[in-house]
Structures are given as C-alpha cells and as structure tokens.
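Letter by letter, the chains look like this.
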Amino acid sequence: MQGTLINSSLLLPQQLSLISKSRFHLGFCKNTQKKKSAIFSVNETMRDSSSSSVILAEKKQNEKEEKLWGGRFEESVTDTVEKFSESISYDKALYKQDIKQSKAHATMLAKQGLMTASDRDAILQGLDEIEKCIEGGEFVWRTDREDVHMNIEAALTDLIGEPAKKLHTARSRNDQVVTDLRLWCRDAIDKILLCIKRLQVALVNLAKVNEGLIVPGYTHLQRAQPVLLQHLLLSYVEQLERDAGRLADCRSRLNFCPLGACALAGTGLPIDRFMTSDALGFTAPMRNSIDAVSDRDFVLEFLSANSIVAIHLSRLGEEWVLWASEEFGFLTPSDAVSTGSSIMPQKKNPDPMELVRGKSARVVGDLVTLLVLCKGLPQAYNRDLQEDKEPLFDSVKTIIGMLEVSTEFAQNITFNHERIQRALPAGHLDATTVADYLVNKNIPFRTSHDIVGRSVALCVSKKCELQDLSLDELKSLSPIFEQDVYEYLGVENSVKKFRSYGSTGSECVRDQLGYWSNKLEIDR
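Every chain is numbered independently, its residues counted from 1 as its sequence is written. Local features in a predicted model are, by the rule used here, given only for residues with pLDDT of at least 70; side-chain atom pairs are given and counted only at 80 or more, and totals for whole chains, interfaces and linings are based on all residues. Side-chain calculation: all heavy atoms of the structure are included, whereas hydrogens and water are not.

Draft legend 1. Seen up close, the nonpolar core. Buried Ala, Val, Leu, Ile, Met, Phe, Trp, Tyr and Cys residues that are joined via side-chain atoms within 4.5 Å together make up what is termed a nonpolar core. Throughout, exposure labels follow a simple rule: accessible area from a 1.4 Å probe, protein chains only, divided by the maximum for the residue type, with under 20% read as buried, over 50% as exposed, and the rest as partly exposed. Counting residues in hydrophobic clusters, the biggest one holds 105 residues, and the most contacted among them are Phe302, Trp320, Leu392 and Phe415. In this structure Phe302 touches Cys185, Ala188, Ile189, Ile192, Leu247, Cys250, Leu392 and Val396, once residues within four positions along its chain are discounted. By size, the runner-up hydrophobic cluster in this structure holds 18 residues, among which are Tyr437, Ile443, Leu469 and Val485. Any two residues having at least one pair of non-hydrogen atoms within 4.5 Å are treated as being in contact.

Listed below in structure tokens is the structure:
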C-alpha cells in the first residue's frame, strides 16, 4: 500500500504526541516481518483519534532515490562511484553528535525566525525517534545516502516531511561534519583521560604493595644504579600525567564551534552562531569560516598526543616483557593475563604487553596517515578530508584498548623479591655513590670518578663487588678512603644516601607516593 509522507504542520499537538508514543516501524528502520520493505504506520489509537491522520508510508530499502544535492544533475552516479565515495560504513559512528548538533541548529533557526516553532518541534521529535531507532539497532543505513548526515536528514524527511527540508538552512556538510568531529573528539578525549587515570591508580597501588623493594636501574640496558621499584613505577605515572595534560590541552584548543561557517564563506541569513556554540558546550564560535571548515589540525594534535601515549605504553610493555623472561625473572604475570604456545607446552607468554608494544606502531601509523592526507591541501574544504575519520577512530579505539589491558596487566603481576635480591649485587651498582663519598671528602668529581673506576677494575680482576674489597685494598687506590666508606657500599646503603628532590631515596619516594595517592584520590 502506498501512502503519503507526514506533514507535521497539519497535525494537532495531540496527534504528534500519539506518533511519538506509538509503537511503529519507520521507513528507515528494519522490519522483522518484511525484509525487503519497511512500513511506517500509526497504531489503531491514532486512527481512531482523527480520520484525517491515517498515515502509511512504504519504501523499498534497495530502491535508489534522488540525491539531496541532485538538483543540477541529469543522471545519477554509477554504482562504482557511489560505492567508492560512501563513508556511511564508518562515519555512522558520529550519529549521536550529528543529532545533537541538528537539534541545536534547529532550535537556533526557530529563534531567529528561519523556521516556525511547530517545525522545530517536529524536527526535534523526529530526531529523537531516529536516535531511538539507531540505538535499538533498527535503523537501515543506506549507501546511496552516502554518509551519516544524509542518512539522518533523509530519514527525517521520510518521517515528518516538509519541515525536515528546513533543517539544512544556513548549514553545509562541510561545517556539519567538522562540528560532529570536534564533538566526537571531545567525548573520546574524556574517555581516554579516564583510562589514563585508571592505569595511574593501578601503578600507584602496585608501588604501594612493593614498599622498600630495590631493583637494578638501567641505562643503555646495562646496570647503572640501584633504585626503589616504587620510584620506577612512579616514573610511568609521571609520563602518563603529561600525556593527560597534552590531551586536555588538545581538548581546550579543539573546543571551538565551526557550525554556521557553512561551505566556507558563512551565510547572509540572520543566524546566531553564539547560540549554537553555547548549546553544544563549545567555548565560542570559530572566528574564521574558511579556517573552520578546512583544517584538521585538532585531529592531528589529538593523534599526536595518542601516539606519545602509545610510545610510553610501549616502553612499559617492553620492560615488563623483559622482566617476565627467564633471564630476568623479576616479575610473574598471573595466568589471567598470559597465553600459551600451540606447540611448546611449558610456555607462559606476557602476550598482552607484547601487543601493547606492537599496537603502538598502529597508533603512530594513524598519525602519519593523517599528516600525509593533510599535506598540500588547498583552502578550504576538500573531499580528501573524508579520509580523516578511519585513522582517528582506529587511533582512539586502539589507545583505549592499550590503556585498558595495561591496567589489567598491572593488576595481575607480582614482583619476585627473592630473585631480584639475588640479582642485585652484580654490576657494581653502588659505584656512583662511592664517587659521591669521595666528593664529600673534597676530592674533585673527575678525580673521584677515576679512583672509583680503578676500584671497579680491581673488582673485575678479583671477581668480587666493591663492598668485598678490604680497606687496605681501597687505600691502595686512594688514601682518602676510611672505614666510613662501608656506609656507602652495597645497594641498601647506596639507596639511603640519595637525598635530592625527585631522587630514589626512601624519603623522596615516600613523598612522591603521597603526592600521587592524594592527587589520584587513592585510599579516600
């Protein structure tokens, strides 16, 4: 049965209300009874309430329709061009942001006298129904409608008729898509910031349960100086905090509204860009309409910040993968965050952190893709920018996954205290502390460095550690050595001597741990 589209301006308010409350299938929704067509019908209550408002609409899902921009064209695009050009397969992820900004835009148009209040109300109700349909998994995304914007607008036209055609007044897809994108990035950054905080909390809690544990500190992957494990774990917390700061700065810079810039030059219609900017939670409208639609520097900055997060997580992953190996044996992941081998039954692999290390390449690749995409584009908007979304979506999805699995890994590992303590004496980790001892005896540092270097050479020849040398042996290298030198020898004594701000000394680390516990609101 063929019917007419709804003209909401001809309906009474109670009829609009009944439409909203009725259980119906929209023309753009999937119909569980008829796969090839969808029927929009009002229930019997609606029919009984007004004989003039029996509304039926039927559309075949696979029937091509005229493009909303097709007025100047005499023939439709080929299937190949349509398939190649569509973006609905991925930009439908922007539906919430698109509906949100359309509501703000319609409200502004009504206030400015560019549509009636009844048209505005019909649009707002229609957008609500479309959003419910999408979230219920019933919406039919059509490739011939190209993108999320055209799908939603065309569906709105199917639903309410003429009023929907006023929604695109003083708006282009150029400013529409970049407004959606800024709203989406803003929400994504908030999610990532929450994930970063959760990882920070997990690392601080891991530090708390390993109080006093000394581990070898490395430079060039060679043993360097003894450090408290807590100090090492908190170094990653510090890096993550800077990551969060970069993302927060990016959020502040992107939080300006392009809506109303239209295609590139703005509009001669009396719109209020400040109203829509406020309604959408932006700081202000963007000052330059050409800039508003043409640049994606906010996405570049976002992906750059994500890439730095990924590099930090990759370094954490590398360290923990090494420490879980038999050669180190410093940590053991639980079975819950480990995998096995298809051929070697003894294997227990820290695969999640290996994948964190590996997926960092993907996040960096997303940034490089967008950098190359934007290189050399003339002002203002170019269709190339359609390709900004997939690397953006992938970067966000990947970085959230990396943060979440790193948090779970941190919550499911134990550090092997005995193995670490057995490994500590090797490597002359206290050598620099002995040099400090000589400096405290008024020996110039370069001279102290030479004396301790010769002391280490003696230890290498004797296959012993510095603390194993007798006082006579030490005095043979420098008469400055006294019995009190043994208060500096050994990793425990060495750690006790650190006192500079931010160092690995026990009191310094205790202060750092207290700072982060307070900042992250742990144990409150």
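Draft legend 2. View of the side chain of Ser289. Secondary structure follows DSSP: runs of H or I at least 4 residues long count as helices, runs of E at least 2 residues long count as strands, and numbering of each begins at the N terminus. With respect to the helices and strands, Ser289 occurs in helix 11 (residues 289-294). The term polar contact refers here to a pair of N or O atoms within 3.5 Å; inside protein, the definition further demands a hydrogen-donor-capable atom paired with an acceptor-capable atom, and it admits residues adjacent in sequence only when both atoms are side-chain atoms. From its side chain, Ser289 meets the backbone oxygen of Leu264 in a polar contact 2.6 Å long. If we skip the residues at most four places from it in the chain, Ser289 touches Ala261, Leu264, Ala265 and Gly266.

Draft legend 3. Representation of the packing of helix 9 (residues 229-254) against helix 12 (residues 297-323) within the structure. In the contact formed by helix 9 and helix 12, the axes pass within 8 Å of each other and the chain directions differ by 170°. It follows from the interaxial angle that helix 9 and helix 12 lie roughly antiparallel. Between helix 9 and helix 12 lies a crossing whose hand is left-handed. When grouped by side-chain class, the residues that make up the contact of helix 9 with helix 12 number 17 nonpolar, three polar and seven charged. Where helices are involved, their axes are fitted lines through C-alpha atoms of the stretch in contact, as for all axes, and angles between N-to-C directions lie from 0 to 180°. When an angle is under 35 degrees it counts as roughly parallel; over 145 it counts as roughly antiparallel; between 65 and 115 it counts as roughly perpendicular; any other value is oblique. Here is the rule for handedness: rotate from the far helix to the near one, and if that takes an anticlockwise turn smaller than a right angle the crossing is left-handed, while a clockwise turn gives right-handed. In the scheme used here, Gly and all other residues not listed as nonpolar or charged are polar, with Ala, Val, Leu, Ile, Met, Phe, Trp, Tyr, Cys and Pro taken as nonpolar and Asp, Glu, Lys and Arg as charged.

Draft legend 4. Looking closely at the packing of aromatic side chains. The rule is short: rings of Phe, Tyr and Trp, with Trp giving its six-membered ring, pair when the centres are within 6.5 Å, and they are stacked under 30 degrees, edge-to-face over 60, tilted in between. For the coordinates displayed, the defined rule picks out 10 aromatic pairs. With 5.0 Å between their ring centres and 80° between their planes, Tyr515 and Trp516 make a pair best called edge-to-face. With relative accessibility at 46%, the residue Tyr515 sits in the partly exposed group. Since its relative accessible area comes to 2%, Trp516 is described here as buried.

Draft legend 5. Local environment of helix 8 (residues 173-208). With 36 residues, helix 8 extends 52 Å from end C-alpha to end C-alpha; this agrees with the ideal 52 Å at 1.5 Å per step. Where helix 8 begins, one side-chain oxygen reaches toward the backbone nitrogen of Asn174, 2.9 Å away; that side chain belongs to Ser172. Every helix has an expected span of 1.5 Å times one less than the residues it contains.

Draft legend 6. Summary view of the environment of Glu238. Positionally, Glu238 belongs in helix 9. Judged by relative accessible area, Glu238 falls into the partly exposed class, the value being 33%. The spacing of Glu238 and Trp516 is 278 residues in sequence and 9.2 Å in space, taken between C-alpha atoms.

Draft legend 7. Region of the structure containing the pairing of strand 3 (residues 214-219). Any two strands with at least two DSSP bridges between them are considered paired. As judged from the six bridges shared by strand 3 and strand 4 (residues 222-228), these two strands associate in the antiparallel manner. For Tyr218, the partnering residue across the bridge sits in strand 4 and is Arg223. In sequence, strand 3 turns back onto strand 4 through a hairpin of two residues, with His220 there showing a positive phi of about 55°.

Draft legend 8. Representation of the pattern of salt bridges in the model. Salt bridges are defined as contacts in which a side-chain nitrogen from Lys or Arg sits within 4 Å of a carboxyl oxygen from Asp or Glu. By the definition in use, this model includes 24 salt bridges. Ionic pairing is found between Asp121 and Arg120, a salt bridge with its closest N-O pair at 3.1 Å. Of the residues examined, Asp121 reaches a relative accessible area of 36% and is grouped as partly exposed. Here Arg454 and Asp450 are joined by a salt bridge, their closest N and O atoms 3.2 Å apart. Of the two residues, Arg454 and Asp450 both sit in helix 17 (residues 445-462), four residues apart, roughly one turn of that helix. For Arg454, a relative accessible area of 37% puts it in the partly exposed group. Classification of Asp450 by relative accessible area gives partly exposed; the value is 44%.

Draft legend 9. Region of the structure containing unusual backbone geometry. Backbone torsion omega between Gln379 and Ala380 reads 5°, so that peptide bond is classified as cis. By secondary structure assignment, the location of Ala380 is in the loop between helix 13 (351-374) and helix 14 (389-410). Phi angles above zero are rare outside glycine, and Glu146 is one such case at about 75°. As for its placement among the helices and strands, Glu146 is situated in the loop between helix 6 (117-135) and helix 7 (148-160). Relative accessible area serves as the criterion here: at 12%, Glu146 is assigned to the buried category.

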